[in-house]
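Descriptive analysis of the structure
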Amino acid sequence: MPDVQALVNDFVLKLKRRKIEGSHASARHTAELLRSVISHQRMRQTNQAGALIDAVKAVGEQLIAANPVELAVGNIVRRVLHIIREEDLSSTATAIEGLGLSAGSDDDDEGQYEDRPALSAAALAAAARSTLRAPSLQTLLGDIPGSAVTPQPPSSWGDSEGKSKSDKNLRSRKLKHDVIEAINELIQDIDTCHEQVSEQAVEHIHQNEVILTLGRSRTVKEFLCAAKEKNRSFRVFVAEGAPRYQGHVLAKELVGKGIQTTVITDSAVFAMISRVNMVIVGAHAIMANGGVVAPVGINMVALAAQRHAVPFVVVAGSHKLCPLYPHNSEVLLNDLKSPSDLVDFGEFSDCMDFGSHGGSPLLHVVNPAFDYVPPKLVSLFITDTGGHNPSYMYRLIADYYSADDLVVKQRSTS
């Protein structure tokens, strides 16, 4: 599949060069790419789900390695793997049910079969998993005494084999179709997550309240604008989010929607927090323990909110739910941005003279992109599935991910 491989290579290059801005765009692009990979995947005669899982893991491993900081990419890879497992399980259950019904509804010589023992679940499951031969009654009733089974005439073997191949091909196509449909639903959920979160705004923002946020988050912006559209009157304090000052951009957007907005410096958060009714911030990722990876400076806001008993609310789409814990080796919690965002190298050139002090400068500049906020500082998560306490997040994550896919690594062929 040369076209799909070209798409994979192009996306990997974009991730490495940080050409895709934001977790939302990264998640959507990842889902679309994996949909293409699955649609072009040639299916085996046996273990079709295994073939899809191997293909997705092979691509997912490349995507995650290209930009480990963008956790949304790994989230979507694991979501798709979970979808494949769930659809395969559903298909197997349907096959088992169908086989059980067909075995129990054979009306020919009804009285002759009344004394047969019931089919065991193990026998049905084994028959449903077998893709090498037709699921005949001879196979299904293997645990029944031989006298109760009528041997199949040799003349029908060819017909049975042909039917077996047809059934396998039909089930293979259905599995792929169901997986692609589920991925389409996932993409739609990603596209509508901001609207789903915003619909809950009027439940949390009340008249004449003061809201504080930091930096710029699209989810936060739409959440606040949705409350304004419902005729809520409130004021927003926006911490500017140095050194990129994305708070300035958010302040302009809020003013454009008619929301009273006050820009404050990041260092003024503790001074202003006593006037605030609620803190609402976005997130880069929500970890399995309920901790939050968020833009740098938000942990300071969370500490200020806790000190003054102000609710600290995190709004985010479900594609940002990460099944990993902060201490997992697969998690890269931070990214260092360019020092030029903080200092003018011309002004500080004398402090960075590599020719003195043993070749090492006395001045070092560190510009981290993210903070980690522990779950004890979070009051509430608002996602597209509703509001949840931090202690509930692991339950929500269990609905989206399989424990077998926490480490995305292609199986060794040796």
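Structural data are supplied above this passage.
Notes on the structure in this doc start here. What you see as residue numbers is a count from 1 along each chain, following the sequence as written. Reporting of local features is limited, given that this is a predicted model, to residues whose pLDDT is at least 70; pairs of side-chain atoms are given and counted only at 80 or more, and all residues count toward the totals for whole chains, interfaces and linings. Just so you know, side-chain values use all the structure's heavy atoms and leave hydrogens and water out.

1. Brief notes about the overall build of the protein chain
What counts as a helix is a DSSP run of H or I of at least four residues, what counts as a strand is a run of E of at least two, and both are numbered from the N terminus. Regarding its fold elements, the protein chain presents 13 helices and 10 strands. The cut-offs for exposure are 20% and 50% of the maximum accessible area for each residue type, with area from a 1.4 Å probe on protein chains only; residues under the lower value are buried, those over the upper are exposed, and the others partly exposed. In the protein chain, which comprises 414 residues, the share counted as buried stands at 45%. Working note: accessible area of the protein chain is about 21,200 Å², and carbon and sulfur atoms make up 51% of it. All accessible-area figures derive from a Shrake-Rupley calculation using a 1.4 Å probe, and residue coverage is judged against the displayed protein chains alone.

2. Side note on the pattern of salt bridges
Criterion for a salt bridge: a side-chain nitrogen of Lys or Arg within 4 Å of a carboxyl oxygen of Asp or Glu. The final tally for this structure, using the stated rule, is nine salt bridges. One salt-bridge network, held together by shared partners, links R18, D335 and K337.

3. Concerning the packing of helix α2 (residues 23-39) against helix α3 (residues 48-66)
For any two helices packed against each other, one specifies the inter-axial angle together with the distance between the axes. Only the contacting stretch of a helix is used when fitting its axis, a line to C-alpha atoms as for every element, and angles between N-to-C directions run 0 to 180 degrees. Two elements in contact, α2 and α3, have axes separated by 10 Å at closest approach and are oriented at 140°. Considering only the axes of α2 and α3, their crossing is right-handed. Counted together, T30, L33, L34, V37 and I38 of α2 and L52, A55, V56, V59 and L63 of α3 form the full contact between these two elements. As a working rule, the residues Ala, Val, Leu, Ile, Met, Phe, Trp, Tyr, Cys and Pro are called nonpolar, Asp, Glu, Lys and Arg charged, and the rest polar, with Gly in that last group. Among the residues making up the contact of α2 with α3, the classes are represented as nine nonpolar, one polar and no charged. Here is the rule for handedness: rotate from the far helix to the near one, and if that takes an anticlockwise turn smaller than a right angle the crossing is left-handed, while a clockwise turn gives right-handed. By the convention used here, residues are in contact when the closest approach between their heavy atoms is within 4.5 Å.

4. Let's talk about the sheet that holds strand β1 (residues 209-214)
The pairing criterion for strands is at least two bridges between them, as found by DSSP. Judged by pairing direction, the sheet is mixed, and its seven strands sit side by side in the order β3-β2-β1-β4-β7-β9-β10 without closing on themselves. The strands lining the two open edges of the sheet, one partner per strand, are β3 (260-264) and β10 (386-388). The average undirected angle you get between the axes of adjacent strands in this sheet is 25°. With three bridges joining them, strand β4 (residues 278-281) and strand β7 (residues 312-315) adopt parallel strand pairing. Paired with V279 across the strands is F312, a residue of β7.

5. Digging into the sheet that holds strand β8 (residues 370-373)
Within the open sheet, the three strands sit side by side as β5-β6-β8. Their pairing is antiparallel. Taken across any chain shown, the strands that pair with only one partner, and hence form the sheet edges, are β5 (285-286) and β8. The pairing of strand β6 (residues 292-295) with β8 spans four bridges and is antiparallel. By the bridge assignment, V293 is partnered in β8 with Y372.

6. Looking at the pairing of β1
By the criterion of burial, β1 is predominantly enclosed, with six of the six residues buried. Sheet topology note: the β1/strand β2 (residues 234-239) ladder contains six bridges and is parallel. Each residue of the ladder has a partner; that of L214, found in β2, is A239. Classification remark: right-handed applies to a crossover when, strands pointing away from the viewer, the course from the first strand over the helix to the second runs clockwise. What joins β1 to β2 is helix α9 (residues 218-229), and the crossover it makes is right-handed. Strand direction decides the pairing type here: β1 and β4, joined by two bridges, are parallel. Each bridged residue has a counterpart across the sheet, and for L212 the counterpart in β4 is V279.

7. Quick word on unusual backbone geometry
Leaving glycine out, the prevailing phi sign among residues is negative, and the prevailing peptide bond configuration is trans. Each neighbour pair has its own omega, and for A242 with P243 the value is 5°, a cis peptide bond. Looking at the secondary structure, you find P243 in the loop between β2 and α10 (246-256). At N231, a position not held by glycine, the phi torsion is positive, near 65°. In this fold, N231 is placed in the loop between α9 and β2. Judged by relative accessible area, which is 66%, N231 ranks as exposed.

8. Looking at the packing of α9 against α10
Relative to each other, α9 and α10 sit at 20°, their axes nearing to 11 Å. With respect to their mutual orientation, α9 and α10 come out roughly parallel. Relative to α10, the crossing made by α9 is right-handed. Here K221, L224 and C225 of α9 lie close against α10, whose contacting residues are L250, E253 and L254. When grouped by side-chain class, the residues that make up the contact of α9 with α10 number four nonpolar, no polar and two charged. Comment on the angle field: the value is read as roughly parallel under 35 degrees, roughly antiparallel over 145, roughly perpendicular from 65 to 115, and oblique elsewhere.

9. Considering the packing of aromatic side chains
Aromatic rings from Phe, Tyr and Trp, taking only the six-membered ring of Trp, are treated as a pair when their centres fall within 6.5 Å; an angle between ring planes under 30 degrees marks them as stacked, one over 60 as edge-to-face, and anything in between as tilted. All chains considered together, the criterion is met by zero aromatic pairs. Two conditions define a charge sitting above a ring: the NZ of Lys or the CZ of Arg must be within 6 Å of the ring centre, and it must be within 35 degrees of the ring normal. Directly above the ring of Y400 sits R79, whose terminal nitrogen or CZ lies 4.2 Å from the centroid.

10. A word on the side chain of T213
Relative to the elements of secondary structure, T213 occurs in strand β1. Discounting residues that sit within four places of it in the chain, T213 has contacts with V220, V236, F237, V238, A239, L250, I280 and V281.

11. Some points on helix α12 (residues 298-307)
Looking only at α12, the buried set comprises I298, V301, A302, A304 and A305. What you see down the axis of α12 is that its buried residues fit within an arc of 160°, all on one side. Of the surrounding secondary structure, the elements contacted by the buried residues of α12 are β1, α11 (269-272), β4, β6, β7 and β8. Downstream of α12 by one or two residues, A309 has phi in the positive range, about 55°. The arc in question is formed by the directions pointing from the helix axis toward the C-beta atoms.

12. Section: the environment of N9
Mapped onto the fold, N9 is located in helix α1 (residues 2-16). Sequence separation between N9 and Q62 is 53 residues; the distance between their C-alpha atoms is 9.0 Å.

13. Quick word on the environment of S172
Within the secondary structure layout, S172 lies in helix α7 (residues 157-198). Overall, S172 belongs to the buried group, its relative accessible area being 8%. In this structure, the C-alpha to C-alpha distance between S172 and T46, residues 126 residues apart in sequence, is 9.1 Å. Contact partners of S172, with chain neighbours within four places excluded, come to M43 and Q48.

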